[in-house]
Every structure is written in C-alpha cells, then in structure tokens.
Amino acid sequence: MEYLHSLLKFALNMGASDIHVKPGAHATIRVSGELHPVQEVTPSAEQVAEMVKHMIPRHLEARLDREKEVDFSYFAEGLGRFRINVFHQRGQLCIALRYVKAQIPSFAELHLPDQLAKIAGAARGIVLVTGTTGCGKSSSLAAMLEHINQTEKCHVITLEDPIEYIFEDKMSVIEQREIGLDTLSFERALAHVMRQDPDVIMIGEMRDSQSFMAALAASDTGHLVFSTLHTTTAYQAIGRILDFFPAQERDQIRRQISNNLQAVICQRLVPALSGSVVPAVEIMVNTPTVRKLIEDNRLDKLHAAIETGTEDGMQTFNQSLFKLVKAKMISEENALAQATNPDALRMNLKGIFLDESRRILSSA
C-alpha cells in the first residue's frame, strides 16, 4: 500500500484535515477548509478497492457489500489514526478519510470558551454538542471528556461509531465501545449500559427516540450524558429532539427535556486570520428561564434567553463572533458570513447594541 502511505504522509505534512480518493481522479485534501488536488498518479478502481480491502476491519466487509457504505477507524503505523467512510458513486468505491489527532486537544488548543469546563463538571443531566458535519463536534466532546478524565474520579463509558480519539485512564476509568466491534448496535449497547456502573455516558450521536430515551433514563438516575446532534443553532436542538417523537408524545418529552437538559453547545468553524480555523460557539445553559420556556413550549423565545444570559455563561453566535473579531482572531467579513443575524452583528461592530431580547422576554 505504498500509494496509500505516501498520500497520507503528504496530507499530514500539508496540515490536511480530510482526504478524498476516487478512481480516475487526483486525490484531494482539505487544508484550512479549502480543497486542493494532490498532483500524483490517479488511482484506478482496482487500486481504490485494494486500499479499502487493506483498511477495512474484517467484520465490516459484509456490511459494505450489503449497505454499500460503512464507517470505521484506521491506524496507519507511524502516521496516526484516521476516521474512514467508504461509499459508492457511479458503481465504484470511494474513500473519505479524516485525520484524528493522537493527542486529545484541550479547551485552550481548540479556542473553546471556559464555560465548557464548567459544563463538563456538571453532576448530572444531558449535554449536547451540535452543529453541521465537520464543525468540530467530536473534538470538543473529546476535550470535555478529557477534562473529566484529568479532574474527576469517574467511570466513563463511550458508545462510538467509530472510535475517534483514544483515551488513557488518568483520574477516571474510561471504556470505549465501538459499534460493530464491541457491541452489535447502539440500541443493544444502550440497553445494557446502565448495568455497567457508569458515572458518565457518551453516546456518539443522538439518532432517534430510543437513544434519547436512554439518555433521559440515565440523567434521571443521576448520570451525566454527552451526545451530538445535527442543528445549526443551540436552541434548535429542542425542536430537533421533539421531531424524534409522535405529536401526541411531545408535550411529555418536552417537560422531561426541561428537567434533564444541562446545556447545548453549538459550533461553527470560521476561517482565522492565522490561516487556520476557530470555532464560534453558541451556548445555551438550562437556567430557570430556559427551563420555563421549554416547559411552556415557547421555544421561539430561547434565542432571546441565550442573548440575555451572559451572566449564566450563555452566548449567541453573534456574541461569540463579536468577541473573535475584537480579539483579532477572525475578520469582520468572515464573522458576518457566519452570523445568525448579520445585520445585528454589523451594528454591534459599529458600537450599536439594541436591547430587543430583553423586551421579547419581558413580553413573553
């Protein structure tokens, strides 16, 4: 697998986060958010198939044949670990690889707010890390778990598909279970996890009503549960969860969310002036105000509660972007491109701040 090894080595030397390989085309790498072709030989369909055969775990070969796509992790000697997705297009195998850094990043290295350490230290409840694909959810989640590992004596169990970061026990004991390798499915693992004496549970992705009900059951009994979800803002997470359930069950689920939610952290990666990327982070903490709005189904007011909740550690995307611009980490142009409300952020950058959110809450 000389081509594979040389490609991975070149990508890492260039600081690439992702690598894309398909037959009959130059491999492509993503560096600081931009795609660049690799000017080497173009692999044939047979070569790509050989690469897949070399990397894929034996127990996933039948699934690839059956389902036409599969996720797994791959360790390249001397290079590190990669998260792999193999899929078909035009009847041919293609590969998407993401480099997973060997060292689990700290909050400071990821440029994450200090509030995340406080959230990670919660005694119980559900913590959701949300955002679009590729926004750094897995890294932030790993940083929070590593913070627990370094500061608390906990039994942590993770359910992942696939395992991305490898943890070493420090103050905590951490057991990582990979779907397909260590357990047959998320459903099966979730059915048994409470019998394994966990203090902290990490569910790689909140996929359906069953996974969320398992998280609720765990938090109800005093456990801290972490998971990820695909939403573009923190407050949208509540509606996204409710969509898992039939309409007649949503009132009850919403009340359970209000009692068990700890926080929602949503991220967007923004090009930095340094040439890399930094996360803009929206944080919603389940304060009494947020809890009441969720209970009363006034989800449209949650954004206002976040904007006025800075003393409780909350912030909107606009507030996060404003801080990044003032810290000279990102440009105003890139901040406006990522803003939830560009017009409001443009006014803020000019020194104009309206108190609209307090008026919205006072009239709620």
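Quick caveat: nothing in here was measured; it's all calculated off a predicted structure.

Criteria and thresholds
Residues numbered from 1 in each chain as written. Predicted model: local features only at pLDDT ≥ 70, side-chain atom pairs only at ≥ 80, totals over all residues. Heavy atoms only, no water. Phe/Tyr/Trp six-rings, centres within 6.5 Å; stacked < 30°, edge-to-face > 60°. Helix = DSSP H or I, 4+ residues; strand = E, 2+ residues; numbered from the N terminus. Buried < 20%, exposed > 50% of the residue type's maximum accessible area, 1.4 Å probe, protein only. Lys NZ or Arg CZ within 6 Å of the ring centre and 35° of its normal. Contact = heavy atoms within 4.5 Å. Pairing = 2+ DSSP bridges. Axes fitted to C-alpha atoms, helices over the stretch in contact; angles between N-to-C directions. Core = buried A, V, L, I, M, F, W, Y, C linked by side-chain atoms within 4.5 Å. Polar contact = N/O pair within 3.5 Å; in protein donor to acceptor, adjacent residues only side chain to side chain. Expected span 1.5 Å × (residues − 1). Arc of directions from axis to C-beta. pLDDT = per-residue confidence, 0-100.

**Q** Would you mind showing me how to read the packing of aromatic side chains here?
**A** A ring pair, where both rings are aromatic, is described by two values, the distance of the centres and the angle of the planes. Applying the stated criterion to the full structure yields three aromatic pairs. Here phenylalanine 82 and tyrosine 99 contribute two aromatic rings whose centre-to-centre distance is 5.4 Å and whose plane-to-plane angle is 55°, an arrangement assigned as tilted. Of the two residues, phenylalanine 82 sits in strand S5 (residues 80-89) while tyrosine 99 sits in strand S6 (residues 92-100), which places them 17 residues apart along the sequence. Taking relative accessible area as the criterion, phenylalanine 82 reaches 0% and is therefore assigned buried. When its relative accessible area of 25% is taken as the criterion, tyrosine 99 is described as partly exposed. Arginine 268 extends its terminal NZ or CZ atom over the ring of phenylalanine 317, reaching a point 3.8 Å from the ring centre.

**Q** Even after reading the chapter, I still don't get helix H10 (residues 250-260), so can you show me in this structure?
**A** Think of an α-helix as turning once every 3.6 residues; residues three or four places apart then point the same way. Considered for burial, the residues of H10 that qualify are Ile253, Arg254, Gln256, Ile257, Ser258 and Asn260. In this fold, the buried residues of H10 make contact with strand S7 (125-131), helix H8 (209-220), helix H9 (236-242), strand S12 (261-271) and helix H11 (288-295).

**Q** Teacher, can you tell me more about the sheet that holds strand S11 (residues 224-229) here?
**A** Sheet strands line up and pair through hydrogen bonds in the backbone, either parallel or antiparallel. Read from one edge to the other, the open sheet built from seven strands follows the order S9-S8-S10-S11-S7-S12-S13, with strand pairing classed as mixed. The sheet is open, and its two edges are formed by strand S9 (173-178) and strand S13 (277-285), each paired on a single side. For this sheet, the mean inter-axis angle between neighbouring strands, taken without regard to orientation, is 15°. Note that S7 and S12 share six bridges and pair parallel. Opposite valine 127, over in S12, you have alanine 263 as the bridge partner. Packing against the sheet, H8 makes contact with S7, strand S10 (200-203) and S11, and its axis sits at approximately 140° to S7.

**Q** When you look at the environment of valine 21 in this model, what are you seeing that I'm missing?
**A** Structurally, the position occupied by valine 21 is in strand S1 (residues 18-21). Residues valine 21 and glycine 80, 59 residues apart in the sequence, show an inter-C-alpha distance of 18 Å. Residues within four places of valine 21 in sequence aside, it is in contact with Leu7, Ala27, Pro43, Val48, Met51, Cys94, Ile95 and Leu97.

**Q** How should the sheet that holds strand S2 (residues 28-31) be read in this particular structure?
**A** Reading across the sheet, the six strands line up as S3-S2-S1-S6-S5-S4 and stay open at both edges, with antiparallel pairing between neighbours. Only two strands of the sheet have a single partner each, and these edge strands are strand S3 (34-37) and strand S4 (69-76). Each strand axis lies, on average, 25° off the axis of its neighbour in the sheet, ignoring direction. Where S4 lies against S5, eight bridges are found, and the strand directions are antiparallel.

**Q** I tried to follow the nonpolar core on my own but got confused; where do I start?
**A** Nonpolar side chains tend toward joint burial in soluble globular proteins. Met144, Phe212, Phe226 and Met284 are the most contacted members of the largest nonpolar core, which has 85 residues in total. Ignoring any residue separated from it by four or fewer positions in sequence, one finds phenylalanine 226 in contact with Ala120, Val127, Leu141, Met144, Leu145, Ile148, Val200, Ile201, Met202 and Ile203.

**Q** What is the right way to read the side chain of histidine 223 from this model?
**A** Within the secondary structure layout, histidine 223 lies in the loop between H8 and S11. Within the structure, the side chain of histidine 223 is placed 3.0 Å from the backbone oxygen of proline 198, a separation counted as a polar contact. Once residues within four sequence positions are removed from consideration, histidine 223 is found in contact with Ala123, Arg124, Gly125, Met194, Pro198, Asp199 and Ala218.

**Q** I keep staring at H8 and nothing clicks. Help me out?
**A** Between the first and last C-alpha of H8 there are 16 Å, a value that for twelve residues agrees with the 16 Å anticipated at 1.5 Å per step. Within H8, burial applies to Ser211, Phe212, Ala215, Leu216, Ala218 and Ser219. For H8, the angular spread of buried residues about the axis comes to 165°, placing them on one side. You can read the cap of H8 off the contacts: a side-chain oxygen lies 3.2 Å from the backbone nitrogen of glutamine 210, and it is on aspartate 208. Just downstream of H8 lies glycine 222, where phi reads positive at about 95°.

**Q** Can you help me understand the confidence of the model for the chain in this one?
**A** Do not read the fine detail of predicted coordinates wherever pLDDT is low. Per-residue confidence for the chain gives a mean pLDDT of 93; residues scoring 70 or more make up 98%. The weakest mean pLDDT in the chain belongs to helix H16 (residues 356-362) at 68; the strongest belongs to S7 at 98.

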